Amino acid sequence: MLIAAPSQALTMPCAAQIGQIAILPNGTVSVQYGDMGYFFLCNLNTNHSTSVGMITPETCKGMLSITMTAKATGAQIYMSVDFGASPIPGCVPGALGSWAVPNPFPYYWSIYP
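Here we summarise the structure given alongside this text.

Each value, and the rule that gives it
Residues numbered from 1 in each chain as written. Predicted model: local features only at pLDDT ≥ 70, side-chain atom pairs only at ≥ 80, totals over all residues. Heavy atoms only, no water. Salt bridge = Lys/Arg side-chain N within 4 Å of Asp/Glu carboxyl O. Helix = DSSP H or I, 4+ residues; strand = E, 2+ residues; numbered from the N terminus. Buried < 20%, exposed > 50% of the residue type's maximum accessible area, 1.4 Å probe, protein only. Disulfide = S-S within 2.5 Å.

1. Examining the pattern of salt bridges
Okay, step 1: Scanning the entire structure with this criterion turns up one salt bridge.
Okay, step 2: Between lysine 61 and glutamate 58 there is a salt bridge, and its shortest N-O distance comes to 4.0 Å. One end of the pair, lysine 61, and the other, glutamate 58, are both in helix α1 (residues 57-73), three residues apart, so they sit about a helical turn from each other.
Okay, step 3: Relative accessible area serves as the criterion here: at 48%, lysine 61 is assigned to the partly exposed category.

2. A closer look at the state of the cysteines
Okay, step 1: Across all of its chains, the model carries one disulfide by this definition.
Okay, step 2: The disulfide bridge from cysteine 42 ends at cysteine 60, spanning 2.0 Å between sulfur atoms. An S-S torsion of about 65° defines the bridge between cysteine 42 and cysteine 60 as right-handed. In this pair, cysteine 42 sits in strand β3 (residues 38-43) while cysteine 60 sits in helix α1, placing the two residues 18 residues apart along the sequence.
Okay, step 3: Cysteine 60 sits in the buried class, given a relative accessible area of 0%.

In structure tokens, the structure reads:
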């Protein structure tokens, strides 16, 4: 499954291996993305609007499948996150936040070749 999106002004395209994967009681999937931090991947129960469209629970299941496949095989995940008016300095350690204050959902998520 590939989630495509048009280019955005303030985005952060990265490729990294997946660390921890967590599912919160409300259905939110949280991911540790390399050494760049943690963020909300998607929600298994509710729709989430992004700058380029809607992430539905069905889409979330596909994203989780990609994530688990990458984790199991050691492959990298390529992603882009739209930070709106808050530009971020590329793929740097800690750029995505922490478990306590994760950054928002990505809008592009794929296994990196």
